[in-house]
Amino acid sequence: MTVFIQSLTLSHFRSHRRTQLAFDGRPVALSGPNGAGKTNVLEAVSLLSPGRGLRRAASDDLSRKPESLGWKIVAELATPNGARNIQTWAEPGQPRQVRIDDKPTPQIALASLLGMVWLTPAMDRLWLEGAEGRRRFLDRMVLSFHPDHAAQVLTYEKAMRERNKLLRDGLGDGAWYGALEMQMAQAGAQISANRRAVITTLASHADHDSPFPVADLTLDCAAPHDETRLARALSDGRRQDMAAGRSLTGPHRADLRAVWAAKGMDAAQCSTGEQKAMLISLILCNARALAETGTVPLLLLDEVAAHLDADRRAALYDAICGLRVQAFMTGTGRDLFLDLGARAQHFSVTDADGRSQLSESTL
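Residues numbered from 1 in each chain as written. Predicted model: local features only at pLDDT ≥ 70, side-chain atom pairs only at ≥ 80, totals over all residues. Heavy atoms only, no water.

J.: Provide a residue-level description of the packing of aromatic side chains, including the pertinent values.
T.: Here a ring pair, both rings aromatic, is described through the centre-centre distance and the interplanar angle of the planes. What the rule picks out here adds up to 4 aromatic pairs. When the ring of phenylalanine 13 is compared with that of tryptophan 71, the centres are 5.7 Å apart and the planes differ by 75°; the resulting orientation is edge-to-face. Pair noted here: phenylalanine 13 is in strand β1 (residues 4–13) and tryptophan 71 is in strand β4 (residues 71–79), with a separation of 58 residues, a long-range link. With respect to burial, phenylalanine 13 and tryptophan 71 carry one shared label: buried. Relative to phenylalanine 337, the ring of tyrosine 317 has its centre 6.2 Å away and its plane inclined at 35°; by these criteria the two rings are tilted. In this pair, tyrosine 317 sits in helix α8 (residues 310–323) while phenylalanine 337 sits in the loop between β13 (327–331) and β14 (345–352), placing the two residues 20 residues apart along the sequence. With a relative accessible area of 1%, tyrosine 317 lands in the buried category. (Phe/Tyr/Trp six-rings, centres within 6.5 Å; stacked < 30°, edge-to-face > 60°. Helix = DSSP H or I, 4+ residues; strand = E, 2+ residues; numbered from the N terminus. Buried < 20%, exposed > 50% of the residue type's maximum accessible area, 1.4 Å probe, protein only.)

J.: Tell me what's going on with the sheet that holds β13, and back it up with residues and numbers.
T.: Within the open sheet, the 6 strands sit side by side as β8-β12-β13-β3-β14-β15. Their pairing is mixed. Only two strands of the sheet have a single neighbouring strand rather than two, namely β8 (116–119) and β15 (355–361). Pairwise comparison of adjacent strand axes, ignoring direction, gives a mean angle of 20° for this sheet. Of the strand pairs in this sheet, β14 and β15 are connected by 7 bridges, and their pairing is antiparallel. Bridge pairing in β15 links aspartate 351 to serine 356. (Pairing = 2+ DSSP bridges. Axes fitted to C-alpha atoms, helices over the stretch in contact; angles between N-to-C directions.)

J.: Hey, could you go over the UniProt feature "domain: AAA+ ATPase" (unreviewed entry) in the chain for me, with residue numbers and the actual values?
T.: The feature "domain: AAA+ ATPase" (unreviewed entry), as annotated in UniProt, sits at residues 24–353 in this numbering. For residues 24–353, the end-to-end C-alpha separation is 30 Å, with 38% helix and 19% strand making up the annotated structure. (UniProt positions renumbered as here; feature names shortened; annotations may be inferred.)

J.: Provide a residue-level description of the pairing of β14, including the pertinent values.
T.: Remember that side chains alternate between the two faces of the sheet whenever the strand is regular. Strand direction decides the pairing type here: strand β3 (residues 28–31) and β14, joined by 4 bridges, are parallel. Paired with alanine 29 across the bridge in β14 is histidine 346. Counting the residues between successive antiparallel strands, the hairpin from β14 to β15 contains 2 residues, one of them, aspartate 353, with a positive phi of roughly 55°.

J.: I'd love a proper account of helix α5 (residues 227–236), names of residues and values included.
T.: The complete set of buried residues in α5 reads Leu230, Ala231 and Leu234. For α5, the arc enclosing every buried residue in end-on projection is 100°, short of the 170-degree limit, so these residues lie on one face. Counted as exposed and oriented over 90 degrees from the buried face of α5: Thr228 and Asp236. (Arc of directions from axis to C-beta.)

J.: Residues and numbers for the sheet that holds strand β7 (residues 103–104), please.
T.: Ordered in space as β2-β1-β4-β5-β6-β7, the 6 strands form an open sheet in which the pairing is antiparallel. Strand pairing shows two members of the sheet lacking a second neighbour, β2 (16–22) and β7, which therefore form its edges. Where strand β5 (residues 82–90) lies against strand β6 (residues 97–100), 4 bridges are found, and the strand directions are antiparallel. Its bridge partner lying in β6, isoleucine 86 is registered against isoleucine 100.

J.: Explain empty space enclosed by the protein to me, and be specific about the residues and the numbers.
T.: Overall, the coordinates contain 1 cavity of 30 Å³ or more when judged by the stated rule. Space inside the largest cavity adds up to approximately 40 Å³. If you tally residues by element for the lining of the largest cavity, the top one is β3, at 3 residues. (1 Å grid on protein atoms, 1.4 Å probe; cavity = no way out; pocket = protein on both sides within 12 Å on 5 of 7 lines; lining within 4 Å. Points joined across faces, edges and corners; volume = space filled by probe spheres on them.)

Below, the structure is given as structure tokens:
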């Protein structure tokens, strides 16, 4: 393991007035009743990466109620080059701030410190709902391989928003469009290249002997992948885009498709349990591929064990421990984590008059 969280402090974050936790790099199992604050810990960890976290919540929604004083997360990381400190916080009505080693920094810099992939119960319908969620899932995996992917996505989306405003306003200045379309084409080509490369990497690290079904992934995107052709497609499509009031071509329209390799069955046609198992398979494949580069991402697995049979649950724990990855897992009962035993740190989470309390325990 190259990087893991050594300590985590939550101040006025969700149900946590003040919570301080120490970790030693082993997987972390959080057990307790619904509403006690387990997922809030995972959400706090997810905010040590770029973006809005695993719930995609607005900053003000993260502040503990009824105080609404703002919130703060502080983490100490163990890395091969020594300890690193991350602080992220927001005051009421203000955007999220980040400091790394006490220096103000943009959120995208977090990607270079800590790769992170997560599964939540809300993702159980990932293969059945809109393409946006599948793109986010893929991009989170891409980010663990290519930390600069976040910057490319931000550049693309910013240029697209400005182009969309021109389209909605009916403006026809070709120079304005051309400059924005070139930014979109440059960033968009890199986004597509990163996505395709990671899909290929995942395919080469699939474990066909695992109890988790292997998923064959394809990226459906009608837009050209190379910069020159994408810029031309955006230019040629201005009239159609103006009628729609938005950009209709580009990697923002891509979709991730998965097929259960052994059965040739589209993920959308599989049972809920099979779909969840395929997602777990992809997460583990992501970690295996990164392990060859000398690093592994943090895994955030919210309520994952409750939907697995005993064999798959044991296989998941064996895989996590074998990869020496720091995984944060939640479950309503301690019995869900019995197979982990001393291979993990165990914490009990309880609610005390609306305030989350955590205590470390042994099985």
